[in-house]
Amino acid sequence: MASAPVRNPLAGFVLAILAATGLSAVVGFASTLIPYLEFRLFFLGLALFGAGAFAGRKTCLGILGFMAAYLGAFVGLYLIELLFWTNPWMELLALGLALASALGGLVTGKLGVRQLERAAQFGPGVRRCSSCGARVGTSAHKCWSCKATLTY
Ligand SMILES: [Zn+2]
């Protein structure tokens, strides 16, 4: 993440929606091969959490990851239900299961923010005092800690 170029958050959001849609469609289709409804729902819940977690990595904000994973999973699942698995609770199922994906997106979206913060802390914009090792600003002339003159 640290080396990745800064992306437009909106582009990341759209990418995350597309990823969530694609993954939940694959997961939804795979679930139609599972014979028992209980197993199917259990599998869908777990797999969608994973799909959302993957999709959420494309965004750098938890709430964006949440929304993108929710939207994407809902669309992907509903499509699969329409095509391969017509049942009387299609909307309800898609809405409920999309929530599992959304939680996954929320978790990794938050992680992304933490990574960005860490990258900002230890990124190339920070240098250290040569005599005491304290972190000093890029434009500082004197170390705030040991008062040594910073020559580089
Ligand atoms: Zn110093």
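Here we summarise the structure given alongside this text. Remember, it's a predicted structure, so these values are computed and weren't measured experimentally.

## Here we look at the overall build of the chain
Consideration 1: When its secondary structure is counted, the chain shows 4 helices and 2 strands.
Consideration 2: Taken from the N to the C terminus, the helices and strands of the chain come in the order α-α-α-α-β-β.
Consideration 3: In the chain, which comprises 152 residues, the proportion classed as buried is 36%.
Consideration 4: Long-range contacts, defined here as pairs at least 24 residues apart, represent 69% of the contacts in the chain between residues at least 6 apart.

## Quick notes on the nonpolar core
Consideration 1: Counting 33 residues, the largest nonpolar core has Ala20, Leu48, Ala68, Ala69, Tyr70 and Ala73 as the members making the most contacts within it.
Consideration 2: Element by element, the count of residues in this core is highest for helix α3 (residues 62-84), at 12 residues.
Consideration 3: Beyond its immediate stretch of four places on either side in the chain, Ala68 contacts Phe13, Ala16, Ile17, Ala20, Ala55, Thr59 and Gly105.

## A look at unusual backbone geometry
Consideration 1: Look at Lys147: it is not a glycine, yet its phi comes out positive at around 65°.
Consideration 2: Counting through the fold element by element, Lys147 comes out in the segment after β2 (135-136).

## Let's talk about the packing of helix α2 (residues 37-56) against α3
Angle between the axes and distance between the axes: these two values describe a pair of packed helices.
Consideration 1: Viewed as axis vectors pointing N to C, α2 and α3 meet at an angle of 130°, and their least axial separation amounts to 9 Å. With respect to their mutual orientation, α2 and α3 come out oblique. For the pair α2 and α3, the sense of crossing is right-handed. Packed against α2, whose contacting residues are Leu48, Ala51, Gly52, Ala55 and Gly56, the element α3 presents Gly65, Ala68, Ala69, Gly72 and Ala73 at the interface.
Consideration 2: Taken together, the residues that form the contact of α2 with α3 break down as 6 nonpolar, 4 polar and no charged.

## Some points on the environment of Ala148
Consideration 1: When you line up the elements, Ala148 lands in the segment after β2.
Consideration 2: Expressed as a C-alpha distance, the spacing of Ala148 and Ser131, which sit 17 residues apart in the sequence, is 7.2 Å.
Consideration 3: Not counting the four nearest positions on each side in its chain, Ala148 is found in contact with Cys129, Ser131, Cys132 and Cys143.

Quick notes on the rules
- Residues numbered from 1 in each chain as written.
- Predicted model: local features only at pLDDT ≥ 70, side-chain atom pairs only at ≥ 80, totals over all residues.
- Helix = DSSP H or I, 4+ residues; strand = E, 2+ residues; numbered from the N terminus.
- Buried ≥ 20, exposed ≤ 12 C-beta atoms within 10 Å, placed from the backbone.
- Contact = placed C-beta atoms within 7 Å.
- Core = buried A, V, L, I, M, F, W, Y, C linked by C-beta atoms within 7 Å.
- Axes fitted to C-alpha atoms, helices over the stretch in contact; angles between N-to-C directions.
- Parallel < 35°, antiparallel > 145°, perpendicular 65-115°, else oblique.
- Left-handed = near helix turned anticlockwise from the far one by under 90°.
- Nonpolar A, V, L, I, M, F, W, Y, C, P; charged D, E, K, R; others polar.

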